[in-house]
Amino acid sequence: MKTKNNIRLLYSLLITIGVGAIAGIATASNINAWYAQLTKPSFNPPNSIFGPVWTVLYILMGIALFLVWKQPASEKKSTALGIFFVQLFLNFCWSFIFFYFHQIGFALIDISLLWIFIIITIFQFSKFSRLASWLLVPYICWVSFATILNAAIFHLNS
């Protein structure tokens, strides 16, 4: 059982960090070019902050995923995991929509949906593990800030 849980933890981390790494490729190639040319609000953090923050958030997401995944099989667990993967997909898409396709308004719609699905994920995960739901609180806080930042960049560049 311990080996099975170790493998689940490893897969959970690989999934979330992998999604972040792939999305980071779309982001990195546009930071010094397109993104640098945008008008940004005064509260825009330095670019060097984003990578470390997202790395920590993806690790926390991976641990939260593991804590729910290791619970006994049930329809409610399947639903919770399904919602988690919807939000992870929206997270993944945002980097491409914003940084690769340069669609700031569409990215704002995506991140707004992401915010909603993170909230739903937190509530769903709380049914299985209080720790799992609390591990997602920094994520919803950061995405709340990122949503405001996305909206401000959209407003300043429209």
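Each chain has its residues counted from 1, running along the sequence as written. Per-residue local features are limited, in this predicted model, to residues with pLDDT of at least 70; the limit for side-chain atom pairs, both in listing and counting, is 80 or more; totals at the level of whole chains, interfaces and linings are taken over all residues. To get the side-chain values, all heavy atoms of the structure are used, and hydrogens and water are removed first.

Draft legend 1. Looking closely at the side chain of glutamine 87. Along the chain, the position of glutamine 87 falls in helix H3 (residues 75-100). Any residue under 20% of the maximum accessible area for its type is buried, any over 50% is exposed, and the rest in between are partly exposed; the area is computed with a 1.4 Å probe on protein chains only. On the basis of relative accessibility, which here comes to 1%, the residue glutamine 87 falls in the buried class. Residues count as neighbours in contact if any of their non-hydrogen atoms are within 4.5 Å of one another. Those residues in contact with glutamine 87 that sit more than four places away from it in its chain are Met61, Leu114, Phe117, Ile118, Thr121 and Tyr139. A run of DSSP states H or I qualifies as a helix once it reaches four residues; a run of E qualifies as a strand once it reaches two. Both are numbered from the N-terminal end.

Draft legend 2. Quick look at the packing of aromatic side chains. Note on ring pairs: Phe, Tyr and Trp rings are taken, using the six-membered ring of Trp, and paired if centres are within 6.5 Å. Classes follow the plane angle, with under 30 degrees stacked, over 60 edge-to-face and the rest tilted. Using the criterion set out here, one finds 17 aromatic pairs in the structure. With a centroid separation of 5.4 Å and an interplanar angle of 35°, the aromatic rings of tryptophan 54 and tyrosine 58 are classed as tilted. Taken as a pair, tryptophan 54 and tyrosine 58 lie in helix H2 (residues 47-69) at a separation of 4 residues, close to a single helical turn. Judged by relative accessible area, which is 8%, tyrosine 58 ranks as buried. Look at tryptophan 94 and phenylalanine 99: their rings are 5.7 Å apart centre to centre, the planes differ by 80°, and that puts the pair in the edge-to-face class. Taken as a pair, tryptophan 94 and phenylalanine 99 share a single burial class, namely buried. Through pairs of rings, three or more aromatic residues link up here, namely Trp34, Tyr35, Trp94, Phe98 and Phe99. For a lysine, the NZ atom is tested; for an arginine, the CZ atom; a charge sits over a ring if that atom is within 6 Å of the ring centre and within 35 degrees of the ring normal. Above the plane of the ring of tyrosine 35 lies lysine 40, whose end atom (NZ or CZ) is 4.6 Å from the centre.

Draft legend 3. The nonpolar core, seen in detail. We define a nonpolar core as any set of buried Ala, Val, Leu, Ile, Met, Phe, Trp, Tyr and Cys residues linked to one another through side-chain atoms lying within 4.5 Å. Counting residues in hydrophobic clusters, the biggest one holds 42 residues, and the most contacted among them are Tyr35, Phe98, Phe125 and Tyr139. Those elements giving two or more residues to this core turn out to be helix H1 (2-37), H2, H3, helix H4 (104-126), helix H5 (130-135) and helix H6 (137-157). A per-element tally of this core places H3 first, with 10 residues. Beyond its immediate stretch of four places on either side in the chain, tyrosine 139 contacts Trp54, Leu57, Met61, Gln87, Asn91, Leu114 and Ile118.

Without other data, these values stay purely geometric and don't point to any function.
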